[in-house]
2 protein chains.
Amino acid sequence: MRLPATTIARLSKYRRMLGSFNYESTHIFSHNLAKLLNLTPEQVRRDLMLIGLTGNHRKGYNIKELIDLVSKTIDSEKGHNVAIVGMGNLGMAVTAFIRRAKTRLNIVAAFDIDSGKIGKKVADVTCYHVDDISDIVRDLSISIAVLTVPPGEAIDVATLLIKSGIKGILNFTSVHIDVPPHVYLKETNIITSLEEIGFFIKEGSSK
Amino acid sequence: MRLPATTIARLSKYRRMLGSFNYESTHIFSHNLAKLLNLTPEQVRRDLMLIGLTGNHRKGYNIKELIDLVSKTIDSEKGHNVAIVGMGNLGMAVTAFIRRAKTRLNIVAAFDIDSGKIGKKVADVTCYHVDDISDIVRDLSISIAVLTVPPGEAIDVATLLIKSGIKGILNFTSVHIDVPPHVYLKETNIITSLEEIGFFIKEGSSK
């Protein structure tokens, strides 16, 4: 199924919102779901129509059906094996996040260069040396890497991950990395987010 | 100046890319800048036109002029005072990020509930108790809060921040928070990002 990235991100949010939430009913209207997530009802209906879900005029959408259909759409059957590359504060925080969320994402390895961490469990994940990325990515069928290394190492480590056959990278480093077309790159840029906030609150105050 | 959030985010990236980069020339063409950031040249030209910058047909855009104009557009004169709320691994990682980037964002306070941290410097920032948010936000003119508390505390802490007069929130918690129209909310959702990657690499492999 071909769906835009923005739709996938929203489907993921619908599922998590409805899964974590003790909604008082078995059904929910698009306008209620929209309100919970600061979206428009049209947006919600369009997204759900794209995955083939239609609501009932009187009752809205069946929540269980919605969650199941989103899962069928987004999740892969076996789940994805994930590696955290860079086991500093950020790497440990991301590990805790993934653990806490009920997802099909299995953290199977961490990588670092700190000899105090290599060969040990850090935040309950076995930590390997960055030099062993190729072997471990292959042996453990790792498809997604979370890049949480210091900026100076980002490009070298990303190059190594791509050569090792990784399919997706979540880049936290603020450093631009180039990926070939078969690798899906997603960036989380903390400074860009803060500068965006800064701009809009400045504009707001000048009104 | 009214600019879309996506434009602001890209302007922030242009500046950081060109500022961190030893570009061999004083000028850069839109297609070169676009290539560095996986964008289209049209997108780059449109963004720069919105802030009143036009390139030279033969030489492209003057890099210094571009950086100065982006700074004039995005930055507020005095900068923004930022608080990190939740000084666990993620809070400390975000603190390090902001410090490392040259920005107009000044981290002036951290908040936590751990008595081992309160009243001390954590990652070089004075840490206060969450109960003192109101006083400290006012006394230190804090306009932006980075929310890195555990999910169970997200809503209460956000409510307190909003009551205290915060203008912008960067929410890392994966918990949906409601903000009034005068507060600018930006969310960084790690699980959503990973699920998006998971979907697209699954699709890719089924081609």
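Q: Would you explain the pattern of salt bridges in this entry?
A: Pairing between side chains of opposite charge can happen when their charged atoms approach one another. Under the defined criterion, the tally for this structure stands at 18 salt bridges over all chains. In this structure, Arg10(A) and Asp47(A) form a salt bridge, with 2.6 Å as the shortest nitrogen-oxygen distance. In this pair, Arg10(A) sits in helix H1 (residues 5-19) while Asp47(A) sits in helix H3 (residues 41-50), placing the two residues 37 residues apart along the sequence. Residue classification places Arg10(A) among the buried positions, given a relative accessible area of 15%. Overall, Asp47(A) belongs to the buried group, its relative accessible area being 2%. Across the pair Asp135(B) and Arg138(B) runs a salt bridge whose closest N-O atoms are separated by 3.7 Å. Separated by three residues within a single helix, Asp135(B) and Arg138(B) lie in helix H6 (residues 133-139), roughly one turn from each other.

Q: How do you make sense of the sheet that holds strand E6 (residues 125-129) of chain A when you look at a structure like this?
A: Note on sheets: strands pair through backbone hydrogen bonds, and any given pair is parallel or antiparallel. Residue and element names in this part refer to chain A. If you walk across this open sheet you meet the seven strands as E5-E6-E4-E3-E7-E8-E9, and the pairing is mixed. At either end of the open sheet lies a strand with only one pairing partner, and these are strand E5 (121-122) and strand E9 (184-187). Alignment of strand E3 (residues 80-85) against strand E7 (residues 144-147), held across four bridges, turns out to be parallel. Each residue of the ladder has a partner; that of Ile84, found in E7, is Val146. Against the sheet, helix H7 (residues 154-163) contacts E3, E7 and strand E8 (168-171), and its axis sits at roughly 175 degrees relative to E7.

Q: Quick question: what am I supposed to make of the side chain of Asn189(A) here?
A: Mapped onto the secondary structure, Asn189(A) falls in the loop between E9 and helix H8 (190-205). At a separation of 3.4 Å, a polar atom in the side chain of Asn189(A) contacts the main-chain amide nitrogen of Ile191(A).

Q: Would you mind going over the relation of the copies chain B and chain A with me for this structure?
A: Note on the identical chains: chain B maps onto chain A by a rotation of 180 degrees and an axial translation of 0.0 Å, with an RMSD of 0.0 Å. Such a combination of rotation and displacement between the chain copies is what one expects of a two-fold axis. By C-alpha distance to the rotation axis, the residue of chain B lying nearest is Asn89(B), at 2.3 Å. The share of interface residues of chain B whose copies in chain A are also at the interface is 100%, consistent with both copies meeting through the same surface.

Q: In this structure, what is going on with helix H3 (residues 41-50) of chain B? I would like to understand it.
A: Along an α-helix, a turn takes 3.6 residues, which lines up residues three or four apart on a common side. All names here are of chain B. Listing the buried residues of H3 in full gives Gln43, Val44, Asp47 and Leu48. Angular distribution of buried residues about the axis of H3 spans 125 degrees; they occupy a single face of the element. Those residues of H3 hidden inside the fold are in contact with helix H1 (5-19), helix H2 (30-36), strand E2 (61-62) and helix H4 (63-74). Trailing H3 by a residue or two, Gly52 shows a phi angle of about 85 degrees, which is positive.

Q: Looking at this model, I keep getting lost on the sheet that holds strand E3 (residues 80-85) of chain B. Mind explaining?
A: Residue and element names in this part refer to chain B. One open sheet accounts for seven strands, arranged E5-E6-E4-E3-E7-E8-E9; its pairing is mixed. The open sheet terminates on both sides in strands that have one partner only, identified here as strand E5 (121-122) and strand E9 (184-187). Strand contacts of helix H7 (residues 154-163): E3, strand E7 (144-147) and strand E8 (168-171), with the helix running at about 175 degrees to E7, the strand carrying the most contacts.

Q: Any chance you could explain the side chain of Lys117(B) here in plain terms?
A: Residue and element names in this part refer to chain B. With respect to the helices and strands, the residue Lys117 is situated in the loop between strand E4 (105-112) and E5. For Lys117, the side chain forms a polar contact with the main-chain oxygen of Met87, separated by 2.8 Å. Lys117 has contacts with Met87, Gly88, Asp112, Val122 and Cys127, leaving out every residue within four places of it along the chain.

Q: Explain unusual backbone geometry here, please?
A: Residues other than glycine predominantly adopt negative phi, and peptide bonds predominantly adopt the trans conformation. Despite not being glycine, Ser141(A) has its phi angle at roughly 50 degrees, a positive value. Residue classification places Ser141(A) among the exposed positions, given a relative accessible area of 52%. The backbone of Ser174(B) sits at a positive phi, close to 70 degrees, despite the residue not being glycine. Within the secondary structure, Ser174(B) is located in the loop between E8 and E9.

About the criteria used
- Within each chain, residue numbers correspond to sequence positions counted from 1 in written order.
- Chain A is the first chain written and ligand 1 is the first ligand written, with later ones labelled in order.
- Local features are withheld for residues below a pLDDT of 70 in this predicted model, meaning they are given only at 70 or higher, and side-chain atom pairs are given and counted only at 80 or more; totals for whole chains, interfaces and linings count all residues.
- With hydrogens and water stripped out, all remaining heavy atoms of the structure feed into the side-chain values.
- By definition here, a salt bridge exists when the distance from a side-chain nitrogen of Lys or Arg to a carboxyl oxygen of Asp or Glu is within 4 Å.
- Only DSSP runs of H or I reaching four residues or more are called helices, and only runs of E reaching two or more are called strands; each is numbered from the N terminus.
- Using a 1.4 Å probe on the protein chains alone, a residue whose accessible area is under 20% of its type maximum counts as buried, one over 50% counts as exposed, and one in between counts as partly exposed.
- At least two DSSP bridges between two strands are needed for those strands to be called paired.
- Whether two residues are in contact is decided by their heavy atoms, any of which lying within 4.5 Å being enough.
- Here an axis means a line fitted to C-alpha atoms, over the contact stretch when the element is a helix, while the angle between two N-to-C directions is reported on a 0 to 180 degree scale.
- Polar contact is defined as a pair of N or O atoms within 3.5 Å, subject to the rule that within protein one atom must be able to donate a hydrogen and the other to accept it, and that residues adjacent in sequence are counted only when both atoms are side-chain atoms.
- For this overlay, a least-squares fit was computed on C-alpha atoms, restricted to residues scoring pLDDT of at least 70 in both copies.
- In this context, the arc is that of the directions from the helix axis out to the C-beta atoms.

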